[in-house]
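Structural overview for review
So the chains spell out like this:
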Amino acid sequence: MTPTLDQLQAAFGRLLSAAEPPADGTARVVDYTAKGYHFDATVAPQQVVEAARLLDQIGFALDAITGVDWIAQNEMEVVYDFFHPSANLRVVVRTRIPREKPEVPTISEVFPGANWHERETHDFFGIRFSGHPDLSPLLLPEDADYHPLRKDFAA
Amino acid sequence: MELLAETNHNETFVLNLGPQHPATHGVLRIKLTMDGEYITRAEPVCGYIHRMHEKMGENRSYAKFLPNTGRIDYLSAMHYTHAFVGAVERAMRIEMPRRAEFIRVITSELNRISSHLVWLGAFLLDLGGFTPLLYAFDDREKILDLLEAITGARLTYCYYRIGGLCNDVDDAFIKGAREFVAHMRPRLKMYRELVTENIILRKRLVGIGPISAEMCRKYGATGPVIRGSGVAYDVRRAEPYSVYPELDFEIPVFPEGDSMARYLVRMEELKQSLGIIEQALDKLPDGPVMAQVPRVVKPPAGDYCYAVEAARGRFMVRIVSDGGEIPYRVKLRSPSFSNLSLFEEASRGMMLPDALALLGSLDLVIPDIDR
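In short, a report on the structure. Everything numeric in this text was worked out from a predicted model, so none of it was measured. Within each chain, residue numbers correspond to sequence positions counted from 1 in written order. To label them, take the chains in the order written and letter them from A, then take the ligands in the order written and number them from 1. A pLDDT threshold of at least 70 governs which residues receive local features in this predicted model, and a stricter bar of 80 or more applies before side-chain atom pairs are shown or counted, although totals over entire chains, interfaces and linings include all residues. Side-chain numbers come from the whole structure's heavy atoms, not from hydrogens or water.

Observations concerning the overall build of chain B
- Scanning chain B from N- to C-terminus turns up 15 helices and eight strands.
- Taken over the C-alpha trace, chain B has a radius of gyration of 22 Å; the compact-globule value for 371 residues is 21 Å, and the two agree within 12%.
- Throughout this description, buried means an accessible area under 20% of the type-specific maximum (1.4 Å probe, protein chains only), exposed means over 50%, and partly exposed covers the range between. Expressed as a percentage of its 371 residues, the buried residues of chain B come to 61%.
- Taking contacts inside chain B between residues at least 6 apart in sequence as the whole, the part at least 24 apart equals 71%.
- Here the accessible surface of atoms and residues is derived via Shrake-Rupley with a 1.4 Å probe, and residues count as covered only by protein chains that are part of the display. Carbon and sulfur atoms provide 53% of the accessible area of chain B, an area that totals close to 14,200 Å².
- In this tally, Asp and Glu contribute negative charge and Lys and Arg positive charge; neither His nor the terminal groups of the chain are included. Taken as the charge centre is NZ of Lys, CZ of Arg, CG of Asp or CD of Glu, depending on the residue. Looking at charge distribution, chain B has the averaged site of its 46 positive side-chain charges lying 4 Å from that of its 48 negative ones. Only DSSP runs of H or I reaching four residues or more are called helices, and only runs of E reaching two or more are called strands; each is numbered from the N terminus. The globule rule is 2.2 Å times the number of residues to the power 0.38, and the radius of gyration it is compared with is taken over C-alpha atoms. We call two residues in contact whenever any of their non-hydrogen atoms come within 4.5 Å of each other.

Some details on the pattern of salt bridges
Residues and elements named next belong to chain B.
- One side-chain nitrogen of Lys or Arg within 4 Å of one carboxyl oxygen of Asp or Glu is enough to make a salt bridge. Counted under the stated rule, the structure contains 51 salt bridges over all chains.
- Taking the shortest distance from any N to any O, the salt bridge between Arg312 and Asp73 comes out at 2.8 Å. Of this pair, Arg312 sits in the loop between strand E6 (302-310) and strand E7 (313-321) while Asp73 sits in the loop between helix H2 (62-69) and helix H3 (77-92), and the two are 239 residues apart along the sequence.
- Given the relative accessible area of 2%, Arg312 is considered buried.
- Between Arg236 and Glu109 there is a salt bridge, and its shortest N-O distance comes to 3.2 Å. Here Glu109 lies in helix H4 (residues 98-126) and Arg236 lies in helix H10 (residues 235-238), a separation of 127 residues in the sequence. Across the pair, exposure class does not vary: Arg236 and Glu109 are buried alike.

Structural notes on helix H1 (residues 5-17) of chain A
Residues and elements named next belong to chain A.
- Here the expected span of a helix is defined as 1.5 Å times the quantity of residues minus one. Between the first and last C-alpha of H1 there are 18 Å, a value that for 13 residues agrees with the 18 Å anticipated at 1.5 Å per step.
- All of the buried residues in H1 are Leu8, Ala11, Phe12, Leu15 and Leu16. The buried residues of H1 occupy one face: seen down the axis, they fall within an arc of 135°. Residues Asp6, Arg14 and Ser17 are exposed on H1 and point more than 90 degrees away from its buried face.
- Those residues of H1 that are buried lie in contact with strand E1 (26-29), strand E2 (39-42), helix H3 (48-57) and strand E5 (90-98). It is the directions from the helix axis to the C-beta atoms whose arc is reported.

So, a nonpolar patch on the surface
- A patch consists of residues exposed above 30% relative accessible area that lack any salt bridge, with like charges linked at up to 9 Å and nonpolar side chains (Val, Leu, Ile, Met, Phe, Trp, Tyr) linked at up to 5 Å. The grouping of Leu125(B), Phe130(B), Leu134(B), Tyr135(B) and Leu194(B) at the surface amounts to a nonpolar patch, some 450 Å² of accessible area in total.
- Position of Leu134(B) among the secondary structure elements: in helix H5 (residues 131-151).

Remarks on the side chain of Asp81(A)
- Mapped onto the secondary structure, Asp81(A) falls in strand E4 (residues 75-83).
- By the criterion applied in these results, polar contacts are pairs of N or O atoms within 3.5 Å in which, for protein atoms, one can donate a hydrogen and the other can accept it, and in which residues neighboring in sequence qualify only through two side-chain atoms. In this structure the side chain of Asp81(A) is engaged in a polar contact, spanning 2.6 Å, whose partner is the side chain of Arg318(B).
- Beyond its immediate sequence surroundings of up to four residues, Asp81(A) is in contact with Ala61(A), Leu62(A), Asp63(A), Ala64(A), Arg90(A), Val91(A), Val92(A), Met316(B) and Arg318(B).

So, the nonpolar core
- Nonpolar cores were defined as sets of buried Ala, Val, Leu, Ile, Met, Phe, Trp, Tyr and Cys residues, with membership established by side-chain atoms within 4.5 Å. Ranked by size, the top nonpolar core spans 174 residues in total, and within it Phe12(A), Tyr80(A), Phe82(A), Ile107(A), Phe173(B), Tyr263(B) and Ile319(B) carry the most contacts.
- Looking at which element gives the most residues to this core, the answer is H4(B), with 12 residues.
- Ignoring any residue separated from it by four or fewer positions in sequence, one finds Phe82(A) in contact with Ala52(A), Leu55(A), Phe60(A), Ala61(A), Leu62(A), Asp63(A), Leu89(A), Arg90(A), Val91(A), Val93(A), Ile107(A) and Phe111(A).

With respect to the interface of chain B and chain A
- Each side of the interface is counted separately: chain B has 40 residues, and chain A has 46 residues.
- When two parts are brought into contact, each loses some accessible area as probed by a 1.4 Å sphere; the total of that loss over both is the buried area. Summing the contributions of chain B and of chain A, the shared interface buries around 3,700 Å²; its carbon and sulfur component is 55%.
- Two residues, Lys331(B) and Glu120(A), come together in a salt bridge whose shortest N-O distance is 3.2 Å.
- Here the term charged refers only to Asp, Glu, Lys and Arg, the term nonpolar to Ala, Val, Leu, Ile, Met, Phe, Trp, Tyr, Cys and Pro, and the term polar to all other amino acids, Gly among them. For the side of chain B that touches chain A, the per-class residue count stands at 16 nonpolar, seven polar and 17 charged.

Digging into the packing of aromatic side chains
- Stacked, edge-to-face and tilted labels apply to pairs of Phe, Tyr and Trp rings (six-membered ring for Trp) whose centres lie within 6.5 Å, assigned for plane angles under 30 degrees, over 60, and everything in between, in that order. For the structure on display, the rule yields 14 aromatic pairs over all chains.
- Between Trp70(A) and Tyr328(B), the ring centres sit 4.7 Å apart and the planes meet at 15°, which makes this aromatic pair stacked. With Trp70(A) in strand E3 (residues 61-70) and Tyr328(B) in the loop between E7 and strand E8 (329-333), the pair connects residues from two separate chains. Here the two residues Trp70(A) and Tyr328(B) agree in accessibility, since each one is buried.
- Seen in terms of ring centroids, Trp116(A) and Phe337(B) are 5.5 Å apart; in terms of plane orientation they differ by 65°. Their pairing is edge-to-face.

Some points on the packing of H2(B) against H3(B)
Residue and element names in this part refer to chain B.
- Packing of H2 against H3 leaves a shortest axis separation of 8 Å and a crossing angle of 155°. When the axis of H2 is compared with that of H3, the two are roughly antiparallel. Crossing handedness for the pair H2 and H3: right-handed. Contact residues: H2 offers Tyr62, Phe65, Leu66 and Thr69, while H3 offers Tyr80, Thr81, Phe84, Val85 and Val88.
- For the contact of H2 with H3, the class distribution of residues is seven nonpolar, two polar and no charged. Axis geometry follows a simple rule: fit a line to the C-alpha atoms, using only the stretch in contact for helices, then measure angles between N-to-C directions, giving values from 0 to 180 degrees. Comment on the angle field: the value is read as roughly parallel under 35 degrees, roughly antiparallel over 145, roughly perpendicular from 65 to 115, and oblique elsewhere. Handedness of a crossing is defined here by the sense of rotation of the near helix relative to the far one, left-handed for an anticlockwise turn of less than a right angle and right-handed for a clockwise turn.

It is worth stressing that arrangement in space is one thing and function is another; only the former is reported here.
See the structure below:
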């Protein structure tokens, strides 16, 4: 089964309108040549597992998970990248969380490969992935209590 | 008198593989929980050579970060620099000169061959065969000499620049590249006769370390790993970049999913890369190798991705710009990281020597995992 952009648009449209409590998410097709991905969705933090499950069901593979520290807006962004092994599609799913309590549910139940990407994101940003089996440092030293990619990190 | 001691058959023990062990090709440690000769759990411990490249990207300009990217996977520097300059060129909407694109393809494919030759030698060394390494490094030396003449470096190339190349190729390089292709074709036949058909190798690899296409998808494994599991996923086709769409080449796929399939994918890729180099040399147009690039690189605010097919799989750079001279965020998605992440699941229940063959067939570069 090869998904199309129209299917993605429809599926994410349903996902976003079903958000409980209602959240202002977006999902749109973007110009690949300009951005390097085909589809860009912003969902509420509690919807990332559902979004991952949706993409899993239509055959997407996990590319990477990472964060961005938007310190001026006092927010953290978690970015999930997916690629499709046969449909030649790239999808980005994002969510924003408050900087004081950066927490999103883990998607490692859906994509076991997310385990390491989330551990790395926890290392670098201190974003907690609730339900994650082991958030101990992966790349940083085992006793690291700092998060170097936070914009207020000072060595 | 009892000759045998009473043993508890549920007992396991912990065995450390690495961080200094020849089979891990660098500073990777694997904590193995063993039930006799069998692995019940293999937990990779990473980070021994973590350098925080992504943080370095946030405190220097785009051009100054470029040399870092060639030092992540040091065997695949051309591809890694390509992804980074590609991301910046995409953000800045720079139109690349065609000659530069063809030279990028030629040098990238030469780099792929040299990387696969290091893998071939090191992998067979893991399996106890010493001789092939000497042949592989002999061939690789010719590529290093060719690339050194035009790039000034033998390994950590920084040849691609934002908007083109730092240097045009000369006639000696073109002649040398053609000679290398002619030299390498009969060598592939020699490798097949010397190594691929060797019964000892086949007994170590055939049916050992199966990885399914589904496992690759769930873990994001790419490159020869996913192609050895029967999925024709190659970034050069899936997200066409540079002038690859104009060149004729096949994506080698083997459906078995065992260590032998991954071996065969890489051996077949050597042949395909030679074909790509030959075509690109034939089509190489004249013209400049550098586009008009602003003196100060300030991509418009937003995020931009660029993925390439590196020797080990999908390498993607995501840059987030706030409109300034310095990247707001640089994310490096490296293939070895995802390819290793499936090792725990794939090695469960295997015998230790077979797991080492599996590890070798993943072709890991440790600095690429740790970044």
